[in-house]
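Examining the three-dimensional arrangement
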Amino acid sequence: MVNRKKKYTSGEGAQFMTRKSALKKLQLSLNDFRKLCILKGIYPREPRNRKRAQKGKAGIRTLYHVKDIQFLLHEPIVWRLRDYKIFNKKVGRARAVKDFEKLNKYLNNHPTLKLDHIVKERYPTFIEALKDLDDCLTLCFLFSTFPSLAHVPRDQSALCRRLTLEFLHAVIEGKLLRKVFVSIKGYYFQAEIKGQTITWIVPHHFSFTPMSKAEVDFKVMSTFVEFYTVMLGFVNFRLYHGLNLYYPPKFSCLQQNNEEKQLVDEDIFVAERVAALNLPVSKTSNELVEDDFEIDKFNADGSEANEEQQEEIRKELEKVKNLKNLFKGQKFYLNREVPREPLVFVIRCFGGEVSWDKTLFVGSTFDEDDETITHQIVDRPSMEKQFISRYYIQPQWVFDSVNARDLLPVQKYFMGEVLPPHLSPFIDPEKDQEYIPPEARALYNENELEEQFKNDENKKNDDDEDDDEEDDNEENEEQEGNDDQEDEEGEEDNEENVSKKPKLSVSTGEVYKEIPWEKSRQERQEFRLREKMIKNKHRHLYKSMMEGKQKRAKEIWLLRKKRRLHDEKEKGQKEKKKSEKPKKKIVTN
Amino acid sequence: MGNKQEIKHVKRKNQEETNSTEKEAESTEDEELLNVINGEDEDSSDDDELEISGSENEESDEEDEESEDNEEVESEEESENTDDDQESEESDNEENSEVKAENSKNLGDSAGANINEKVANNEYEDFDSSDEEDIRNTVGNIPMNWYNEYKHLGYDWDGNQILKPETGDNLDAFLKRMEDPDFWRTVKDPQTGQDVVLSDEDINLIKRITAQKIPDETFDEYAPWIEWFTSEVEQMPLRKFPEHKRSFLPSKHEARKVSKLVHALKMGWIKTRAEAAKLRAKKEPQFYMLWQTDDQAEDMRRIYKHISAPKRILPGHAESYNPPPEYLFDEKELKQWNKLKSAPWKRKLHFVPQKFDSLRKVPAYPRFIKERFLRCLDLYLCPRAIKMKLNIEPESLVPKLPSPKDLQPFPTILAIEYKGEKCQIFFFLLQKINWFYNLGHTDMVRSISIDKTGQYLLSGSDDCTIKIWEVNTGRCLKTIKTNSVVRSVEWCPNAALSLVLVATGQEVLLINPNVGDYLVNSKTDTVLQDVPKSDVVTPERVRATVQWIEPDEEQYKNGVRLILKHFKDVCQVTWHAKGDYFATVMPDGQNRSVLISQISRRRSQLPFTKSKGLVQCVLFHPTKPFLFVATQRHVRIYDLVKQALMKKLLTNSKWISCMAIHPLGDNLVVGTYDRKMLWFDLDLSTKPYQTLRLHGTAVRGVAFHKHYPLFASGSDDRSLIVSHGMVYNDLLQNPLIVPLKRLQNHEGFNDFGIFDVVFHPLQPWVFSSGADATIKLYNN
């Protein structure tokens, strides 16, 4: 008799395993399995054919790759997790019988997880660790603001605080920061380390709010942090090493007593943390780490495109080099209402010097009445005592300057001024179908910037100029490309224009004039016919793509419209004010 | 010690004598006193209200009472009291404190016992003397408002009622207030209801209490501090018996404990603080150089085919704390956002953009922790798979076809409309106005056909007429009325015959239109006049299907030369290329739905014995003896000579409407009611070579040009699409199909658009007949 092959013993059916069967195989509880998955970075996988992968069972199950589970099977941590189970039992018993001596003994010798090998296993190279650093940093920064919580080890937030601070120091020393963005969620920082862009979020003050267990399970997050702290530590170590710094960073001027450190409360701790940011880290050697390298010129092809590319890269490098020393020689003084941590970090990253009121927080380096201060950062509408020798600017100037990679003119950012919008630096202006607000367009195009500036000046002088018209024209042009209907409207407009032309009394022979939009119209018609010849296979794809395109175009159109309406409204208000003012004068006269 | 006690007794007694009158009331009055000082109304001094007055005072009151009650008892004990307790001093009245101050100086070495304890002990030891005080009212310590409704206040010792003293009315009270100089210091005793005038001392006391000073005036707060318990070793022992022996011997028990600890330390079971700190430091993660190089991986077991998690999408302008104004939600958008609370993934943004005019006003984001948590969940719970993302422009999916400009000539603009009004003007010029009512169709034009020379156009309409038009001028030359709706017309392809086929109702008319060459016309007539004699007997089946009838005189005058009367409605007629045979289609005719007739022999035959479905239309091959029969879903090709089915074309569509064959005979275009046009290359396969979805609605007419590589289709969406359909002689090269031009001049009527499309035989012109009762000519 022929043995018939059983179903699902090969192929996708044999490749996947449900979570339940994985638990059975590993002989772990669900909690332990979760912890193991988080630490080891094991995740469920989406099979190509779900039905086959689930061995014909209906519904949607969490499927793990069989090889992943086998991989977990060989993990020494599994034993440690079992130790934990025993430990918990022992502790529970000791507590129940009130044998506090034993209890203490157990608690002092609790088993600890060692995760070093997992870091190396998950991130075979340093570069790969850097690639995955986004989540790690964001979560560590969040945990560094946490108070002690149930289910979160008590020293975890302290460790996070230490490691994030170390990382910030590395970024400062290496001048690795590239972009900053203040969003309603927090401060986005983007650094470039070894060619990897790393973005992390630092929440605003008082980010911790108690959450119900149904909403947020801090235990899960804590497990993540447990791994991330180890990972961040190793990354920090290597970063410091690469920058010729001592790893547990030594601050050349900072001296504190250990006992004092234990006594300080949370606020002082934060203050010290910021203070530490303002201090240089001592180096292992005085050699400069050379990172300004020239690109070798090689013209293998000799093609122009290649040269152009190289030229572009060179320009970019030049810009980055400038950016690194953006605030060099500038001295900043922070008023007390300004959030210090992000500002100190940013300014120090780009070579500036910072200080603050020494009576409020530790670590200030110079006083307010220092004559060499170039900028004082204030976040209040007015100040009584002002120095003439410095600019009083709002904090946004620092962030906008970094994103523009140049020191922006300070006029718009003076104390009490209505700030220009703060734009996201993460949007690629060259990507098509992206709405670019007028302010951003001005930033990308320097000529326009000047023009706008001039226009602003003019506006201030005579309030007659319109720079909106320009924008509107551009809008029209762009919209023509996007929407056919609008195009037709445009045609009508043009026709009207034609009819409006004054008629001459003497009519000469008419020269056939090619109607400019006729050609494009015809082309569009032809294209629409051609569109119908798309292969059946691609029809839906094309349709959905075009739908997406149209949706985006509509969004852009909506934003533009809103902007136009807003501008018109503002203009109207200005005019109203203008017209009201003289009247008042007359009354007073 | 005895002396001191005596002194105190004497003093006490003296003072008691002097104050005897006031003492009576004092114990109960204190509460009222306060009220007086505070200026409250006397009358309303209920116990409930009394409680409202400061709690401190109450306490002191109570203590006062106690002290008063226990006066005598206390005085005996007080010799032993070592009063360093400030509170008790404060609470005591004048005399007490005075005495104590004296006492305290001398009682330095008395044993330390707390006065409070003593007092408490006394209370329990001795009988309760509070009732023995000079209290006339015997109701006890009850809220006096219980007696509010009675005339009396309580009972005296003898059990007689104590009547409430008369209280005057408001006027009396007022007069009293005005006249009595002591009014302000008069208080009412709630127990007796009597007015009591407070003495100066009482007032003083009250003032001090309200000022939160020590009530006793004479008490020196700043007296030099006397250390009762000094660190100096006294000369004499406090107790007369010596220390116990065990206080000089080391404790065995302790020694045992210590040895245990030492042993534990030795064994490392317990740790000293320094050691513990060291250990803790060791337990903290130790970092070292984990990766020796940046990008060289060591060999290790790793995750199988790792898929790294995608990064979070970076924020746009909308998330800024100070976004450009256009990003802020207006009311409508906000409403929309709120409405999608149950389906947040449908929201345009996952947050509401906000604008803050300065950085210090930006609050913490309330969902921050939640978002991070969700990200964590994504990282370990979300199934991962590699999905290839298409990174192409949608335009690249559009096939690259030659530009229509290179494929000219083809019809592009509307040249002539064949309809009533236009002709009216035309005839007006010729001053033949009385004709104009007959001009133009008044109903849908179902079918058109053009003669071989391209001069005349034949049209059949739902208004039961056929019309013949001059193509170049748009003039209607002739109108012939029929009995019924004209479904199909076709001009005879034989140039030698001036003959048209008209399908109207159940009849098919052969009409000589009498236009064009006179010779041809007359010759046609003569040919048709003589009936050929044949000995072939028409089978019964055919005879039941069709009858050849000679027209009557009037009909003959109109040009009708022959009438074929069918047993069912005829919906289509079509000529064979030679012009001798023609085929008629009766969709309702079951197995007799297709009929082929021959004019020269005046004979009909039914090619099929079995019904293959609802026949939509038939078509003759231009060169070969093939017949194309389109049923609802398939096109069958029959070889008429062999009398066999050659091929069955699978259209893969729901309902075929029309067909047209390329003049070379190798390509067939089929129009369907489900919007498609199917191009069959008969050499290739039975499936369509290309499916064209050019129209939005049902396709009703397709046509090929005789000479130019053009084909056209008309549909219910009122558009006529002219396409380039190049067929190459080379067998290896597939036909090239390029849609060229969309012409949309017809008007819709009852959801119908264009019914029929015909090309000019010589020029690249196209005719279309529509439901709006017009025929339009487009030229290049």
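Structural data are supplied above this passage.
Keep in mind it's a predicted model, so treat the numbers as computed, not measured. Each chain carries its own residue numbering, running from 1 in the written order of its sequence. Ligands are numbered from 1 and chains lettered from A, in the order in which they are written. Confidence filtering applies because this is a predicted model: local features only for residues at pLDDT of at least 70, side-chain atom pairs given and counted only at 80 or more, and all residues used for totals across whole chains, interfaces and linings. Water and hydrogen atoms were dropped before computing side-chain values, which therefore reflect all heavy atoms in the structure.

**Overview of the sheet that holds strand β25 (residues 677–681) of chain B**
Residue and element names in this part refer to chain B. With respect to topology, four strands assemble into an open sheet ordered β23-β24-β25-β26, the strand pairing being antiparallel. The sheet terminates laterally at β23 (656–661) and β26 (690–692), the two strands that pair on one side only. Adjacent strand axes in the sheet meet at a mean angle of 20 degrees, parallel and antiparallel pairs treated alike. DSSP bridges decide pairing: two strands pair if at least two such bridges lie between them. Under the DSSP-based scheme used, a helix requires at least four consecutive residues in state H or I and a strand at least two consecutive residues in state E, with every element numbered from the N terminus. With five bridges connecting them, β23 and strand β24 (residues 667–672) associate as antiparallel partners. Pairing of isoleucine 656 across the sheet is with threonine 672, part of β24. Fitted lines through C-alpha atoms give the axes, limited to the stretch in contact for helices. The angle between two N-to-C directions lies from 0 to 180 degrees.

**A few points about unusual backbone geometry**
All names here are of chain B. Along the chain, glutamine 408 connects to proline 409 via a cis peptide bond; the corresponding omega equals 5 degrees. By secondary structure assignment, the location of proline 409 is in the loop between α14 (368–381) and β5 (413–418). Phi at glutamine 590 is positive, roughly 55 degrees, even though this residue is not glycine. When you line up the elements, glutamine 590 lands in the loop between β16 (581–585) and β17 (594–598). Of the residues examined, glutamine 590 reaches a relative accessible area of 57% and is grouped as exposed. Throughout this description, buried means an accessible area under 20% of the type-specific maximum (1.4 Å probe, protein chains only), exposed means over 50%, and partly exposed covers the range between.

**So, the packing of aromatic side chains**
When the centres of two rings from Phe, Tyr and Trp lie within 6.5 Å, Trp using its six-membered ring, the rings pair. Their planes under 30 degrees apart give stacked, over 60 give edge-to-face, and anything left gives tilted. Per the stated rule, a full pass over the model turns up 41 aromatic pairs over all chains. Geometrically, the ring pair formed by Tyr187(A) and Phe189(A) is stacked, given 6.4 Å between the ring centres and 20 degrees between the ring planes. Pair check on accessibility: Tyr187(A) and Phe189(A) agree, each one buried. When the centroid spacing of 6.3 Å and the interplanar angle of 55 degrees are considered together, the rings of Trp200(A) and Phe345(A) count as tilted. Highlighted residues: Trp200(A) in strand β5 (residues 196–203) and Phe345(A) in helix α16 (residues 340–349), separated in sequence by 145 residues. Either the NZ atom of lysine or the CZ atom of arginine qualifies as a charge over a ring when it sits within 6 Å of the ring centre and within 35 degrees of the ring normal. Between the NZ or CZ atom of Arg347(B) and the centre of the ring of Trp337(B), over which it lies, the distance is 3.6 Å. The ring of Phe368(B) is capped by Arg372(B), whose NZ or CZ atom sits 5.2 Å from the centre of that ring.

**Observations concerning the packing of helix α3 (residues 30–40) of chain A against helix α6 (residues 77–96) of chain A**
All names here are of chain A. Orientation of α3 relative to α6, taken along the N-to-C sense of each, is 140 degrees, at an axis distance of 11 Å. Looking at the two axes, α3 sits oblique to α6. Where α3 crosses over α6, the handedness of that crossing is right-handed. Between α3 and α6, the residues in contact are Asp32, Lys35 and Leu36 and Ile77, Val78 and Leu81, respectively. Residues that form the contact of α3 with α6 fall into these classes: four nonpolar, no polar and two charged. Working rule for angles: under 35 degrees goes down as roughly parallel, over 145 as roughly antiparallel, 65 to 115 as roughly perpendicular, anything else as oblique. Handedness of a helix crossing follows the sense of rotation of the near helix relative to the far helix, less than a right angle counterclockwise being left-handed and clockwise being right-handed. Should any heavy atoms of two residues lie within 4.5 Å, those residues are considered in contact. Polar here means any residue outside two lists: the nonpolar Ala, Val, Leu, Ile, Met, Phe, Trp, Tyr, Cys and Pro, and the charged Asp, Glu, Lys and Arg; Gly therefore counts as polar.

**Some details on the interface of chain A and chain B**
Interface size is commonly expressed as the accessible surface area that is lost when the partners come together. At the junction of the two partners, chain A supplies 125 residues and chain B supplies 95 residues. Summed over both partners, the accessible area lost on bringing two parts together, with a 1.4 Å probe, is the buried area. Around 9,700 Å² of area is buried between chain A and chain B when both sides are counted, 64% of it from carbon and sulfur atoms. Counting the surface chain A buries against chain B, the share from its top three residues, Ile184(A), Lys185(A) and Met533(A), is 9%. For salt bridges, the criterion is a side-chain nitrogen of Lys or Arg within 4 Å of an Asp or Glu carboxyl oxygen. Among the salt bridges present, the one from Glu371(B) reaches Lys185(A), with a minimum N-O distance of 3.1 Å.

Purely spatial values, then, with no claim about function.
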